[in-house]
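# Summary of structural features
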Amino acid sequence: MVQGLKDVPRVVWLLAAGVFVNAVVSFTFVFVFLYLTGPRGLGTAQAGLVTGIGGVGLVAGNLTGGWYGDRFGHRRVLLAASTAGGLALMSFPLLPTAALYAALPLAQYASGVVRAANSALVAVTVPEGARRQAFAVVRCVSNGGFTLGPPLGALIATGLSYDWLFVGDGLGTLFFALWTARVVPARGTSRTAAAPDGGLGRGVWEELRARPAVLVLLGAILVTDLVYRQQYGTFPVFLADHGFDTRSFGFVIALNGAVILLLELPAAVALRARPPLPVVGAGLLLVGAGYAALLAGVGIASAAAMMVLLSLGEILYKTTATAYVADQAPEHAMGRFQSLYAGVSVSGVVLGPPLGGALYTAVPGLLWPLCAALAAGAGAAVLYAARREARREAGRAARHAARPAHETGSHPRAVAG
């Protein structure tokens, strides 16, 4: 594994160190609902509305962060968004409750921009062939930070106050801006290269149409994330309805972090030479298998099996899909391709709870079979796209081999000259 990680540039390891620190103190998203219904005195419906609007801000930030980076530079955008987001978070304790309806989506928007800019920054810093390992490093340290963050946040909220959560999160975000400014050089990463015609080249839609497999992948991730996010919404309700308490849910969720921390980096290194789309497709099928495990009966064993399968699927598809989109992006649209992936990969934050909650309320027995079928269908679509892409590549190689030597440039005199 160590040999495979040697391909990851030093700057990515340094950036990952900042991501880890920022992830440790990014605990407000876990406690924001309790903060709104507790110290702020909002009702459950009002708190749900505020957090829902915040989720819209997060998705919008992910979708637009790369657009800014392609025009103004990914490093510059990351620094600006981190600074703005950090200051916004630190202002929460001073704001009247009514202002939170605007402040939370703005802070979440900045967070989404940071996420997209960070992915694009890794993509333009790391050469093709080492991106899976690089993204796996960043994801691994981020998950490690998020594992430590909630217990630390609980201690701060109970020992000091909820206000200090926002102060700590804001300071961590500002630290991330300062750290990135120090470890990521401005030269060479400040702006994505222009297209050969001197402009920004073809629009993103035209570039995507030229890469149908990327379009299939984005659609599959959109569907799968809607399913994937049910583990945070309807799944704990499902467990509670069958007599399991919060501790049981906490144990099951902890399995996700443990599996990812143990296996994500080794998997990325071991599979780095494998074609990406079959790996992604297999990961989506495992997500479907995870929800299918709940059909075997309600119990802690089936819930644990569900989470392990879901985590294995996440390991296979998330890092690999992120790297694949980066590898397929034209240089002048690297940020926008990363933004599209980042946006669809968190779309379930907004779409998952209302759709899953409505279905579980109306027909509870249908939710898990539908989740399994949707993820399996998404995986099958990606595997089909992988086969079509492989056939196209084989066809192109055959046509190239069939061309006369003087057209391919392989004639000995052409090489010698």
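Each chain has its residues counted from 1, following the order in which its sequence is written. Restriction of local features to residues with pLDDT of at least 70 applies here, the model being predicted, together with a cutoff of 80 or more for giving and counting side-chain atom pairs; totals for whole chains, interfaces and linings are based on all residues. To get the side-chain values, all heavy atoms of the structure are used, and hydrogens and water are removed first.

### Things to note about the overall build of the protein
Under the convention used in this document: Secondary structure is summarised from DSSP: a helix means a run of H or I of at least four residues, a strand means a run of E of at least two, and numbering begins at the N terminus for each. Exposure classes here rest on a 1.4 Å probe applied to the protein chains alone. A residue is buried below 20% of its type maximum, exposed above 50%, and partly exposed in between. Here, residues are in contact when the closest pair of their heavy atoms is within 4.5 Å. All accessible-area figures derive from a Shrake-Rupley calculation using a 1.4 Å probe, and residue coverage is judged against the displayed protein chains alone.
Counting its regular elements, the protein contains 19 helices and zero strands. Classification of the 417 residues of the protein by burial places 48% in the buried group. By sequence separation, contacts in the protein at least 24 residues apart represent 84% of the contacts at least 6 residues apart. Carbon and sulfur atoms form 68% of the exposed surface of the protein, whose accessible area is close to 18,600 Å².

### A short note on the side chain of E389
Keep this limit in mind: We call two N or O atoms a polar contact when they sit within 3.5 Å, provided that within protein one can donate a hydrogen and the other can accept it, with sequence-adjacent residues counted only if both atoms are side-chain atoms.
Tracing the sequence through the fold places E389 in helix α17 (residues 367-402). Looking at E389, its side chain comes within polar contact range of the side chain of Y324, at 2.8 Å. Apart from the residues lying within four places of it in its own chain, the contact partners of E389 are A213, L277 and Y324.

### Focus on the nonpolar core
Generally speaking, soluble globular proteins have nonpolar side chains that are buried together. Which entries qualify depends on this criterion: Here, the term nonpolar core denotes a set of buried Ala, Val, Leu, Ile, Met, Phe, Trp, Tyr and Cys residues that are joined through side-chain atoms within 4.5 Å.
Formed by 77 residues in total, the largest nonpolar core has its most connected members in F235 and Y291. Setting aside anything within four residues of it in sequence, one finds Y291 in contact with V227, Y228, Q230, Q231, M306, L310, W368, C371 and A372. By size, the runner-up hydrophobic cluster in this structure holds 13 residues, among which are V32, L36, V50 and A107.

### Describing helix α15 (residues 334-345)
Rules: In a helix, the anticipated span is given by 1.5 Å times the number of residues less one.
For α15, with twelve residues, the first-to-last C-alpha span of 17 Å sits near the 16 Å given by 1.5 Å per residue. With eleven of twelve residues buried, α15 lies mostly within the body of the structure. The set of residues buried in α15 consists of M334, G335, R336, F337, Q338, S339, Y341, A342, G343, V344 and S345.

### Structural notes on the packing of aromatic side chains
This is how the line gets drawn: In this scheme Phe, Tyr and Trp rings, the latter by its six-membered ring, pair at centre separations within 6.5 Å, and the angle between planes marks the pair as stacked below 30 degrees, edge-to-face above 60, and tilted otherwise.
Tallying each qualifying case throughout the model produces eight aromatic pairs. For the pair F92 and F166, a centre-to-centre distance of 4.9 Å together with 20 degrees between the ring planes defines the contact as stacked. With F92 in the loop between α5 (74-91) and α6 (100-125) and F166 in helix α8 (residues 162-183), this residue pair connects regions lying 74 residues apart in the sequence. For the residue pair F92 and F166, the accessibility class agrees, reading buried in each case. An angle of 80 degrees between the planes, with centres 5.4 Å apart, marks the rings of F238 and W368 as edge-to-face. In this pair, F238 is assigned in helix α11 (residues 234-241) and W368 in helix α17, connecting sequence segments 130 residues apart. Take F238: its relative accessible area is 7%, and that puts it in the buried class. Among the aromatic residues, those joined into a ring-pair cluster are Y35, F92, Y162 and F166.

### Points about a nonpolar patch on the surface
Heads up, the rule is: Patches were defined on residues exceeding 30% relative accessible area and lacking a salt bridge, with like-charge contacts within 9 Å and nonpolar side-chain contacts (Val, Leu, Ile, Met, Phe, Trp, Tyr) within 5 Å. Throughout this description, the term salt bridge denotes a Lys or Arg side-chain nitrogen within 4 Å of a carboxyl oxygen of Asp or Glu.
Residues V223, V363, L366, L370 and L374 make up a contiguous nonpolar surface patch of roughly 340 Å² in combined accessible area. Residue placement: L370 occurs in helix α17. Accessibility expressed as a relative area gives 36% for L370, which makes it partly exposed.

### Description of the packing of α6 against α15
The line we're drawing: Axis angles are defined between N-to-C directions and span 0 to 180 degrees, where every axis is a line fitted to C-alpha atoms and, for a helix, only to the segment in contact. Here the word oblique covers every angle except those under 35 degrees (roughly parallel), over 145 (roughly antiparallel) and from 65 to 115 (roughly perpendicular). Crossing handedness is defined as follows: a turn of the near helix away from the far one that is anticlockwise and smaller than a right angle gives a left-handed crossing, while the clockwise case is right-handed. Each residue is assigned to one class: nonpolar for Ala, Val, Leu, Ile, Met, Phe, Trp, Tyr, Cys and Pro, charged for Asp, Glu, Lys and Arg, and polar for all the others, Gly among them.
Packing of α6 against α15 leaves a shortest axis separation of 9 Å and a crossing angle of 135 degrees. In terms of orientation, α6 and α15 fall into the oblique class. Where α6 crosses over α15, the handedness of that crossing is right-handed. The segment α6 lies against α15, with R115, A116, S119, A120, A123 and V124 engaging M334, G335, Q338, S339, A342 and S345. A breakdown of the residues in the contact of α6 with α15 according to their chemical character gives six nonpolar, five polar and one charged.

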